[in-house]
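# Report on the structure
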Amino acid sequence: MLKQSALVEVEDLVIKFPVRGERKKKYITPVDKVNLEIKKGEVLALVGESGSGKTTIGRALVRLLKPTEGTINVQGKKVHSLKGKDLNEYRKVAQMIFQDPFGSLNPVKTIESHVKFPLRKHQGYKGKALDEKISDLLLQVGLTPVEEIRKKHPHELSGGQRQRLAIARALAVNPQFIVADEPTSMLDVSIRAGILQLMNDLKRDLGLSYLYITHDLASARYFGDRIMVLYGGKVMEIAESKELIKNPLNPYTRLLLAATPGSESQIDLTNMTNDPPDLSDDRKGCPFVHRCPLATAVCRETMPALKQAVEGHFVACHHLEQKEQWN
Amino acid sequence: MKAEITTSSQIKVKQTNNILRAFKPLKLFFSNGKSAAGFIIFSIFLFIAVFAPWIAPYSPSAAVFDPNLSPTADHWFGTTNTGQDLYSQFIYSARNTMVVGFGAGILSTIIGLIFGVVAGYRGGLTDAILSFITNLFLVLPGLALLIVIGAYLKASTPFVNGLIIALTGWAWGARVFRSQTMTLAGRDFISAAKMSGKSSLGIMITEICPNMMSIIAGNIMFATLGAILAESGLAFLGFEDINSTSWGTMLYWASSNAALLRGAWWWFVPPGIGIALVGLSLVLMNFAIDQITNPRLKSPRRRKNHGNKRART
Amino acid sequence: ACTDKETSSETGKSTSKSAKPLVIGLSPAGQWQENFNPFSSTAMGGTNGLIFQPLYYFDPVSGKDNPMLATQFEWTNDNKTLVATLRDNVKWSDGEAFTADDVVFTFDLLKKDPAADTSGIWKEVTSVEKQGDNQVAFNFDQPNVPFQSYVLGVDIVPQHIWKDLGDPSKAKITQKLAIGTGPYVLESFTPQLYKMKANSNFYDGEYAVKNLEFPVYSGNDSEQLALTKGELDWAGIFIPDADKVYVSANKENNKYWFPPSNNVTLYPNLTNPLLKDVNVRKAISLAIDRKKLSDQAASGYDPLPSTTALILPRDKDWVDPSIPEDKLKFDYNKDAAVKTLEDAGYKKDKDGIFVSPDGEKLSFTLQTVSGWTDWATMAQLISQELNSVGFDVKVQQPDYAAYATNVQGGKYDLAISWTNSGPDPYKQYQDMLNSHGGWNLEKWNDPETDAALKKFQGTTDEAVQKEAINYLQNVMVEKMPTIPLVNGPVWYEYRTENYTGWPTEGDPYANPAPFNWPAPAIVLSKLKPNN
Amino acid sequence: MRYIMNRLGFFVLSLWAAVTINFILPRMMPGSPADAMFAKFQGQLTPAALEAMKKAYGIGQSSLWQQYIDYLHGLLTFDWGLSFMQYPTPVKDMIQGSIPWTLGLVGFSTVLSVFIGTTLGVYISWKRRGFLDNTLPIVSMIFQAMPYFWVALLFVFIFGFKLNWFPMAHGYDPSLTPGFTGSYITSIINHAFLPGITLLLGSLSGWIVGMRNNMMYTLGEDYVTFAEAKGVSTSRLMFSYAARNAILPQLTSFAIAIGNVVSGSILTEQVFSYPGIGNQLTSAVQSQDFPMIQASFLLIAVAVLVANLIVDLLYSRLDPRIRTGRGVEG
Amino acid sequence: METNVPVLELQNVSIAYDSSAGMVHAVNDVSLKIYENTIVGLIGESGSGKSTLGNAIMHLLKNNAVLTSGTIKVMGKDVYSMSKNDLRKFRWSQMSMVFQSAMNALNPVLTIEEQILDVYLSHDKRMSKKEAKKKAIELMDIVSIDPRYLKSYPHELSGGMRQRVVIAIAIALDPKLVIMDEPTTALDVVVQRSILDKIKEIQRVKKYAILFISHDFSLVSELASKVAIMYAGRFIEVTDSSSLDQADRHHPYTQGLLKAIPHLTAEDVTIEGIPGNPPNLVDLPSGCAYHPRCPHAFHLCKKERPEIREVEGRDIQCHLYETVQN
Ligand SMILES: Nc1ncnc2c1ncn2[C@@H]1O[C@H](COP(=O)(O)OP(=O)(O)OP(=O)(O)O)[C@@H](O)[C@H]1O
Ligand SMILES: Nc1ncnc2c1ncn2[C@@H]1O[C@H](COP(=O)(O)OP(=O)(O)OP(=O)(O)O)[C@@H](O)[C@H]1O
Ligand SMILES: [Mg+2]
Ligand SMILES: [Mg+2]
């Protein structure tokens, strides 16, 4: 039942990057054995601190990156091994909204030319129809007055308008699935809200599925149907949004919650190490171990498996029972 | 509810439209006194070059006048020892020198673009190989290489020399283009273009190059200046067809006929001034381009937001 | 040797205390290299003549024979043996005596090392032997009288030093080894300047000019400046508009004289069927305005040539009296050129270019050397003239090496080049017209010409020689195997401020340029300090 | 470490490439140098003498490959053959005699130009919008836009010939005996003045403008403002914070400039009859002196490469970011 | 001790930038007092003039900026009437600042230690290097960084650590006033949180007055006792942070901001953006600068600039409250 309606299915996704080491070539693994699925019309929010591999997963899903291992299936297509023409076909299905509204638009091109190419190439619009479609699209994302804005250049738009254009560009190919990579992190609170609302509207009206990447739990909860928590390239916890916020089981999730402004945290973080997790490809154990107050020998040795704790609530931790210790 | 959006804020415009301004060269050049002066000087010489046959009173090579005349009403710059009209030579030389200079400037920029953009965009092994070649050319001593190749090639008309100059002088540009391409290639709009299904070539041509227009223009200016100076140096040393018409060749003849010693400064000085003025106009125009596009020259202003990578040069 | 030096400098001081060194400007070069090897083509100026000396020197400008290490020579054995009588009491500058053995040794050296035998002595001479104490005999296969200038022109080196030096062509002769019999010895050497002082052991006694200096200049420009400024006493460089540039700077002292020394000639490639036609060559000659060439390309320095290719006035005694006066000068007549071609059956095609009866266009390339500005100008003028008559001539300017390869290998249509002139007219004709001549670029191949040259070689009788030369003059006038353009001058500038006695047009006692070694030795022998 | 290995690798590879180009280039020349040589003898040579001479000059007796091997071997053993134009002087001797002059004159004026230019650049950027800042870049640029040799010739004519202030040629007064004497050294300086000043004028603006631009950028950096706020003294702020960082990009240009010392000398030395390597190279090219061209070109290439290597290594000392292998680019 | 002398006193401060587009009125007629041992938050969206004000207090405005009116006093002394040298000494010993992009505030080619020593050695000529080094180690301790990092170069430290180093440098001389300009924006939530906790802790001990600049509402309301909300260069509202719990009885802009924040735990998950764009600081809207975006705007707003009015202990500039009260 679940399987059938899943639009995106990811199994055992591993991504490695070469890094310049002192002597021999080394790798880091910012994404390690990640499984996820996204249903049609569903929003999966992906949270986790900086460098935990969120963007990397997103880029792999739209195939800007080739996975090192694992499979990505979208509508039954083996996305992980697509090439050439097939890959171009896949661009119609999945699109991405990039993190940085300042960097993701080409400063020397007009607003309309950003959406013109994909409309022509993927939807085959031409001439007058193309012209009308552009207006429709810009209107759809609220870039009004359309006629005036079309001929402008990105620098003449505000941050919120730019982010809207980025969304319009993604929509221009009429995709079914959008990876939204921290689409609001660079924007002000007030503009942020507008963008989230817009994406929400599009989901409702067009039935789009999203992978919503963020490190802000509050917005993940607002926009996401489910939330997946990532740490050091591993999935720590995944659950319905409300459930996860109410009942965080993994120590990292709890830490994240505590750190989010607006929560009444009592965890003292002043002396906490801020070292990033070890991403080297020969690491062992739970990536959170060096910051986790519950860490024991077993944590250092083996990565806990993702287990279902409550209905629909999966968590990876060796010490679920010791939940209370932090608060 | 959709938020209503009114017209954009002027302040934002101010911050980022610099790149765009490079596309309005005229306005750009008149934006400050230096570049306006440069542009005017340049236009005058361009005019001279284009309309040389109408401006020059005589053929530059016709040895039909009294030799060794000092300036007169008929011969503004006097005549050579073979009775050629120096003023006409000066005019026609402007044409050749500018054609060769710009030809070489543009050609070397194109070669530099190919090497730089492909290397910067492709990365990996392609980059390693292209960068190696680039660095090699950067490191090989320009003038010496020019002279040696020129001496080996023989048929050194100004055009051949221009070609050699371009073929040996593109490396600096390639390096600049490469690093610029690398910063651009890391920007999300390139990924976005990829997502929209553009080919690599398409991305390089329609996304990356337009973003480097001002650097490209600057490079053309710079390379042109270099080519004009190199060409005149070669001609002066006698590594150019001495029957060609260029300022360098004029200087060669002037010096081999001891123009200064015999007091014929009107033979020796104008070609040098010509080169210097064209050179200066290029430098001044480049100054303007530089000032607008080089973030280093803008009045220091704190960057908006975080994590913007800066290009290391 | 040590005491010798001291005394010589003592006397030098006493005789001409105030005399400044004579500063000589040689051809431009990057730097001097310490190379005083008389067998090296790149030896420093003065090696031949000032340090080392030959037996005799035959001067091409004055036409005089100057005895050096020999006092006289004589042809015997049906002109197959040349016997030279050596000068007595000659000493090497290190005090050793000069003997006939040194002469024989020198020639043996050249035999062993052909690379040093740059004049090809051993292709003519079969053996060299000592006769008595003061004579050396050179034996020839067959008579070659004019070759005496080469044989007697070889610089003699001291056996006691050179026997240990190995191949003479590779020997590095530095100041220490530069021991000769000439009037000067090397005093000091740096890459920018070397100095010579008068040799106290010299057989004629010390010259009046006690000290010589040879500074280096990297180009004509800087040498011109130095000369004009009075930093040089003697130079041999081209100066454009010499009266204005050079003389006017110091009318009193700055002098020059540019005597003709050879021909600048347009060589037609006679293996080209079109150029083989004498009418084409004559038409070419008629269409060239030689006065303009001289005026515009060579600042008017180059005298106009004789149709006989003789260098006048030097060779005035050799001119064939049977040739009418008007035939001795070249005509400039474009109409005549056209007529000559039309009479020979050439017709203009639609482009206005003459086509031969066989249908071949008169379309030629004209080669000169890149960077030789006077020739380049000439080539330009010639092509303009010829093209206006109905030729199609394109100028090509390869650099010197390629040019040399092309003209010697016959890979050209028309080329401007020089002729090699010797002390008498024979040398020029031999090189240019003999089917085996060294500078027979045009490939003139005529048994009668060869025979005439052979006749000259075989005799010391002036009448017979004249007969041969007369024949050759007629070949030049009638058949025009090559087309003389102008006479090439010798560049020669001098200043009379410090020294007098220079060769002048009125007293052309020797080749006056400071690069035609060993002639400067003759000049220096006549100079006197001015005080 | 990795960075250094990387640079060394590049050094070796480009050295090989330069050496090989150097081998191939003259062999692509039309017209053999032997012909040029022999033309000088005006056709008096026997074929035997000709052959003997060719052999002596080492022309065309072995396969190209063999020549390449011999050439490499010769390079390594500093046996660069005998010069054609100054036969039989070894090329090595000729170079040895001229290189000190070039290094002295051009090297010194390059270093001086870098020093003065950079200092001025720092100064005018500090006094931004001041009188000097507005005029100096333009004035110095005028000189850069002029053909170098033209300025040099004018200088020689005006200051040497007309005004008699400076000598017109040579590296020192040839009548003096070289040695460590006051008059000799004075003479060297006197002779180097005009060429030096022309070199300086021709290259100064690049350094001034380059440094000024870098300074503007660095002065806008947050760490400079922060340091200023900290109360760091002006000189420390200017040098340790601003100039110290701004100078880094200049280093690359410096490497190239140092490498170009030799080729930059060509025109100078020609005009001033200066006894350096550039002069030698010009004559060598004019007289098709293979061994000399090869050796001087090689020397020039090696000079550039070594300068680059040194600057690269220096860079890694000055910029800690490179030392740890980050941000290494090309 | 005169406890009543405010550590920082701003009186009608206006600052403008001279730019090619015209005068940018970045700060307009701003007044504020901060006393010892208090944290005052300054929030407002990007470009509202927060950093400009911060820099102005430090007398570190860019060349093209001018203090067009008003006085700035720190510890009772007018910052703008000091001599250059006095200012150099006064700065950092009395007031210091953590710059907005603290990640870039460290010189990449000097070690952390050198940069800390610079502070001590430039302000106390008599201090020996050894002493200064000891102090540097203490300082590192305060911000919980292992002293071995003193020998490191900035790029060898993580962003959070660099931020802490900068904070350490800011408190090195125990100034009375510390201005923190968005010290944590570039950081991860967890790191951000740990640094904020650290700041709080240090502040508690040393009793500094802190002006904490941010555009993150929830962050400031948590940290500061008092909050100034800036719009178009004006303090449109100055209020206690505790009052931010309720969304009503605030300036409409404040209300808009409060509504735009998704709350983590609250049951109501709807959010609303503020329509429109930030104002053009060169050509400010007439009257109340917020009126083009304000849902409650009425005729007066366009015409007249509202005066500061005290509304339930909050200083608010809004016509709405005038009419309500009148
Ligand atoms: N192309 C790449 N080459 C090498 N390493 C990479 C590359 N892209 C990402 N990384 C590394 O992989 C790790 C994960 O990066 P990723 O961008 O996926 O993190 P993220 O969760 O999106 O972080 P953020 O919240 O900062 O955007 C980081 O350590 C990053 O440095
Ligand atoms: N040097 C300058 N020249 C001209 N205008 C400037 C300059 N610096 C800043 N501005 C303008 O002044 C206004 C206030 O800038 P400021 O940096 O104080 O804003 P901010 O509130 O700190 O914003 P952010 O939250 O983005 O840091 C902005 O509109 C900005 O564009
Ligand atoms: Mg990311
Ligand atoms: Mg700010």
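These figures come from a predicted structure and were not determined experimentally. (Residues numbered from 1 in each chain as written. Chains lettered and ligands numbered in written order. Predicted model: local features only at pLDDT ≥ 70, side-chain atom pairs only at ≥ 80, totals over all residues. Heavy atoms only, no water.)

Turning next to the packing of aromatic side chains. Residues and elements named next belong to chain C. Across all of its chains, the model carries 64 aromatic pairs over all chains by this definition. Relative to Y194, the ring of F36 has its centre 5.4 Å away and its plane inclined at 85°; by these criteria the two rings are edge-to-face. One end of the pair, F36, is in the loop between β1 (22-25) and β2 (56-58); the other, Y194, is in strand β9 (residues 193-198), with 158 residues separating them in the sequence. Take F36 and Y194: they sit in the same class, and that class is buried. Summarising the aromatic geometry, the rings of Y494 and W502 are spaced 5.5 Å apart at their centres and angled 35° between planes, so their arrangement reads as tilted. (Phe/Tyr/Trp six-rings, centres within 6.5 Å; stacked < 30°, edge-to-face > 60°. Helix = DSSP H or I, 4+ residues; strand = E, 2+ residues; numbered from the N terminus. Buried < 20%, exposed > 50% of the residue type's maximum accessible area, 1.4 Å probe, protein only.)

All names here are of chain C. Contact geometry for helix α8 (residues 278-286) and helix α15 (residues 462-479): axes closest at 9 Å, N-to-C directions at 85°. Of the possible angle classes, the one that applies to α8 and α15 is roughly perpendicular. Across from V278, R281 and K282 in α8, the residues of α15 making contact are V477, E478 and K479. For the contact of α8 with α15, the residue count by class is 2 nonpolar, no polar and 4 charged. (Axes fitted to C-alpha atoms, helices over the stretch in contact; angles between N-to-C directions. Parallel < 35°, antiparallel > 145°, perpendicular 65-115°, else oblique. Contact = heavy atoms within 4.5 Å. Nonpolar A, V, L, I, M, F, W, Y, C, P; charged D, E, K, R; others polar.)

A word on the site of ligand 2. Near ligand 2 you find 21 residues, and of these G47(E), S51(E), T52(E), Q100(E) and E182(E) are the closest. Site remark: ligand 2 is flanked by residues from chains B and E. One nitrogen or oxygen atom from the main chain of G47(E) is found 2.7 Å from an oxygen atom belonging to ligand 2. T52(E) is positioned such that a nitrogen or oxygen atom in its side chain is 2.4 Å from an oxygen atom of ligand 2. Every element with two or more residues in the shell around ligand 2 is listed here: α1 (10-16) of chain B together with β1 (8-19), β2 (22-34) and α1 (50-57) of chain E. A per-element tally of the shell around ligand 2 places α1(E) first, with 3 residues. Its residues assigned to classes, the shell around ligand 2 shows 5 nonpolar, 11 polar and 5 charged. (Near = heavy atom within 4 Å. Polar contact = N/O pair within 3.5 Å; in protein donor to acceptor, adjacent residues only side chain to side chain.)

In this structure the tally under the stated criterion is 41 salt bridges over all chains. The partner of R59(A) in a salt bridge is D188(B), and the shortest N-O contact between them spans 3.4 Å. Remark: D188(B) occurs in helix α11 (residues 188-195) and R59(A) occurs in helix α2 (residues 54-61); the pair is interchain, linking two chains. For the residue pair R59(A) and D188(B), the accessibility class agrees, reading buried in each case. In this structure, E201(E) engages K198(E) in a salt bridge whose closest nitrogen and oxygen atoms are separated by 3.7 Å. In this pair, E201(E) and K198(E) are both assigned in helix α6 (residues 189-206), 3 residues apart and thus about one turn of the helix distant. Taken together, the shared-partner salt bridges in this structure form one network comprising E112(A), D131(A), R150(A) and K151(A). (Salt bridge = Lys/Arg side-chain N within 4 Å of Asp/Glu carboxyl O.)

So, about the sheet that holds β1(C). All names here are of chain C. In space, the 7 strands of this open sheet follow the order β8-β9-β10-β1-β11-β20-β12, with mixed pairing throughout. On the outer flanks of this sheet lie β8 (184-190) and β12 (254-256), each paired with one strand and no other. Sheet topology note: the β8/β9 ladder contains 6 bridges and is antiparallel. Each bridged residue has a counterpart across the sheet, and for T190 the counterpart in β9 is L193. (Pairing = 2+ DSSP bridges.)

Here we come to the UniProt feature "transmembrane region" (unreviewed entry) in chain D. Residue and element names in this part refer to chain D. Within this structure's numbering, the places UniProt gives as "transmembrane region" (unreviewed entry) are residues 101-126, 147-168, 188-209, 246-272 and 292-315. Overall, residues 101-126 shows 100% helix and 0% strand. The separation of its end C-alpha atoms is 37 Å. Note that residues 188-209 is 100% helix and 0% strand, and that its end C-alpha atoms are spaced 31 Å apart. (UniProt positions renumbered as here; feature names shortened; annotations may be inferred.)

Another aspect to go through is the environment of W54(B). Mapped onto the elements of the fold, W54(B) is located in helix α5 (residues 52-55). Between the C-alpha atoms of W54(B) and F268(B), which are 214 residues apart in sequence, the distance is 24 Å.

Moving on, we come to the pairing of strand β7 (residues 177-181) of chain A. Residue and element names in this part refer to chain A. Where burial is concerned, most of β7 is hidden: 5 out of the 5 residues are buried. Side chains F177, V179 and D181 of β7 all project onto a buried face; the interleaved residues I178 and A180 project onto the opposite face, where all are buried too. Bridge analysis of strand β6 (residues 94-97) against β7 gives 4 bridges, and the strand direction is parallel. For M96, the partnering residue across the bridge sits in β7 and is V179. Bridge count between β7 and strand β8 (residues 209-213): 5 bridges; the pairing is parallel. Among the inter-strand pairings, A180 is bridged to a residue of β8, identified as Y212. Note on the crossover from β7 through helix α8 (residues 189-206) to β8: the handedness is right-handed. (Right-handed = clockwise from strand over helix to strand, strands pointing away.)

With that settled, the discussion passes to the site of ligand 1. All names here are of chain A. Looking at ligand 1, there are 14 residues lining it, with S50, G51, K54, T55 and T56 nearest. One nitrogen or oxygen atom from the side chain of S50 is found 2.6 Å from an oxygen atom belonging to ligand 1. Between an oxygen atom of ligand 1 and a side-chain N or O atom of T55, the distance comes to 2.4 Å. Across the complex, the protein chains shield 63% of the 640 Å² of accessible surface that ligand 1 would expose by itself. For the shell around ligand 1, the elements supplying multiple residues, two or more each, are β2 (26-39) and α2. When residues of the shell around ligand 1 are assigned to their parent elements, the largest contribution, 3 residues, is made by α2. (Areas by Shrake-Rupley, 256 points an atom, 1.4 Å probe, with all protein chains shown as cover.)

Residue and element names in this part refer to chain D. Under the domain assignment used here, chain D contains domain 1 (1-77) and domain 2 (100-318). Summing both partners gives a buried area of about 1,600 Å² for domain 1 against domain 2, and 76% of it is carried by carbon and sulfur. Connecting domain 1 to domain 2 are 0 salt bridges. Taken together, the links from domain 1 to domain 2 amount to 0 residue pairs in polar contact (both at pLDDT 80 or more). The set of elements that each furnish at least two residues to the side of domain 1 that touches domain 2 consists of α1 (2-27) and α4 (64-76). The dominant element in the side of domain 1 that touches domain 2, judged by the number of residues it contributes, is α1, at 13 residues. Partitioned by chemical class, the residues of the side of domain 1 that touches domain 2 number 13 nonpolar, 3 polar and 2 charged. (Domains from an automatic or database assignment. Buried area = accessible area lost by both parts, 1.4 Å probe.)

Residue and element names in this part refer to chain E. Along the chain, the position of H251 falls in the loop between β10 (234-240) and α8 (252-260). Judged by relative accessible area, which is 1%, H251 ranks as buried. At 3.0 Å, the side chain of H251 and the backbone nitrogen of Y253 are in polar contact. Aside from chain neighbours lying at most four places away, what touches H251 is I236, E237, Y290, I316, Q317, C318 and Y321.

The interface of chain C with chain B comprises 20 residues on the first partner and 19 residues on the second. A combined buried area of about 1,700 Å² lies between chain C and chain B, and 52% of that area is made up of carbon and sulfur atoms. The largest contributions to the chain C side of the interface with chain B come from V245(C), Q296(C) and T373(C), which together make up 27% of the buried area. Inspection of the chain C/chain B interface yields 0 salt bridges. For the pair chain C and chain B, the number of links is 1 residue pair in polar contact (both at pLDDT 80 or more).

With that out of the way, let us pick up helix α10 (residues 334-343) of chain C. Residue and element names in this part refer to chain C. Restricting attention to buried positions, one finds in α10 the residues A337, V338, T340 and L341. Around the axis of α10, the buried residues are gathered within 160° of arc, so they sit on the same side. Those residues of α10 that are exposed and aimed more than 90 degrees away from the buried face are D335 and D343. Following α10 by one or two positions, G345 adopts a phi angle in the positive range, close to 95°. (Arc of directions from axis to C-beta.)

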